[in-house]
Amino acid sequence: MTLYDDAVLVLKGTEGQDGLRQAYLDHLEAHPDGLWKACTAGHVTASALVIDPERGRVLLTLHRKLRMWLQMGGHCEPGDATLEAAALREATEESGVTGLTLLPGGPVRLDRHPIPPPCHWHFDVQYAVVARPDSVHAISDESLDLRWFPYAEVPQVADDSVVRLLEATRARL
């Protein structure tokens, strides 16, 4: 199975957000290269909210280019066998946290957002990963900062898409 096939299966199995899910599927049908950064019409990305449920907190990155507090995530790479694998790879690379485990149940949310040219859209498939309470993080080249935030502080520092991802993640815990 290819990453493309996995993405289509994952999206078809995602519950809720029906209109958005269909937009993702339509995009992939119209753009066989729609998983890759080179697709300027937009491309699928994979992200993961790093969560420590025992301490009621999330690890967010201050994104170097966007200068916003976000979940970890980014572009799919040819070595990614699945969207889950891409999300877990991105979370581990950007947080420096080892031993992350995916929250069961597949993607938590979908979030499509415009991005600056030459591309037009990110079709983000959002997962959640659980970190151990004693996890140590390290700032990557893609981040200006990494910081743990209590759940209650996330709406003050992050945009609505991160808040919705946190709410959906907490509902699944």
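This text follows the structure it describes.
Residues numbered from 1 in each chain as written. Predicted model: local features only at pLDDT ≥ 70, side-chain atom pairs only at ≥ 80, totals over all residues. Heavy atoms only, no water.

1. Regarding the overall build of the protein
Here is step 1: Across its full length, the protein carries five helices and eight strands.
Here is step 2: In terms of overall dimensions, the protein is globule-like: its C-alpha atoms have a radius of gyration of 15 Å, near the 16 Å expected for 173 residues.
Here is step 3: When its C-alpha atoms are laid out on the principal axes, the protein stretches across 45 × 30 × 30 Å.
Here is step 4: Partitioning the contacts of the protein with sequence separation of at least 6, the portion at a separation of at least 24 is 67%.
Here is step 5: Roughly 8,400 Å² of accessible area belongs to the protein as shown, and the carbon and sulfur atoms make up 54% of that amount. (Helix = DSSP H or I, 4+ residues; strand = E, 2+ residues; numbered from the N terminus. Rg over C-alpha atoms; globule rule 2.2 N^0.38 Å. Contact = heavy atoms within 4.5 Å. Areas by Shrake-Rupley, 256 points an atom, 1.4 Å probe, with all protein chains shown as cover.)

2. Some words on the nonpolar core
Here is step 1: With 30 residues, the main nonpolar core has Leu 35, Val 50, Leu 83 and Val 125 as its most contacted residues.
Here is step 2: Looking at this core, the elements that each hand over two or more residues are helix H1 (3–13), helix H2 (18–30), strand S1 (43–52), helix H3 (83–95), strand S7 (121–130) and strand S8 (143–150).
Here is step 3: Counting residues per element, this core draws most heavily on H1, which supplies five residues.
Here is step 4: Apart from residues no more than four positions distant in its own chain, Leu 83 is found in contact with Leu 3, Asp 6, Ala 7, Val 10, Leu 35, Val 44, Ala 46, Cys 76, Val 125 and Tyr 127. (Core = buried A, V, L, I, M, F, W, Y, C linked by side-chain atoms within 4.5 Å. Buried < 20%, exposed > 50% of the residue type's maximum accessible area, 1.4 Å probe, protein only.)

3. Points about the side chain of Glu 94
Here is step 1: Tracing the sequence through the fold places Glu 94 in helix H3.
Here is step 2: Buried charge without a partner: Glu 94 forms no salt bridge, and the closest opposite charge is Arg 89, 7.1 Å away.
Here is step 3: Within the local environment of Glu 94, its side chain forms a polar contact with the backbone nitrogen of Gly 73, the two atoms lying 3.2 Å apart.
Here is step 4: When sequence neighbours within four positions are dropped, the list of residues in contact with Glu 94 reads Thr 61, Met 72, Gly 73, Ala 138, Ser 140, Glu 142, Ser 143 and Leu 146. (Lys, Arg positive; Asp, Glu negative; His and termini not counted. Salt bridge = Lys/Arg side-chain N within 4 Å of Asp/Glu carboxyl O. Polar contact = N/O pair within 3.5 Å; in protein donor to acceptor, adjacent residues only side chain to side chain.)

4. Regarding H1
Here is step 1: Taken together, the buried positions of H1 are occupied by Leu 3, Asp 6, Ala 7, Val 8, Val 10 and Leu 11.
Here is step 2: Structurally, H1 contributes buried residues whose contacts are with H2, H3, strand S6 (109–114) and S7.

5. Let's talk about unusual backbone geometry
Here is step 1: Even without being glycine, Gln 17 reaches a positive phi, approximately 50°.
Here is step 2: Here Gln 17 shows up in the loop between H1 and H2.
Here is step 3: Since its relative accessible area comes to 28%, Gln 17 is described here as partly exposed.

6. A few points about the packing of aromatic side chains
Here is step 1: All chains considered together, the criterion is met by two aromatic pairs.
Here is step 2: Geometrically, the ring pair formed by Tyr 24 and Phe 123 is edge-to-face, given 5.2 Å between the ring centres and 85° between the ring planes. You can see Tyr 24 sitting in helix H2 and its partner Phe 123 sitting in strand S7, a full 99 residues away along the chain. Taken as a pair, Tyr 24 and Phe 123 share a single burial class, namely buried.
Here is step 3: With a centroid separation of 5.0 Å and 75° between ring planes, the pair formed by Trp 69 and Phe 149 is classed as edge-to-face. A residue pair is termed long-range when its members are at least 10 positions apart, and Trp 69 in strand S3 (residues 69–70) and Phe 149 in strand S8 qualify at 80 residues.
Here is step 4: On the basis of relative accessible area, Trp 69 is assigned to the buried category, the value being 12%.
Here is step 5: Residue Phe 149 is classed as buried on the basis of its relative accessible area of 3%. (Phe/Tyr/Trp six-rings, centres within 6.5 Å; stacked < 30°, edge-to-face > 60°.)

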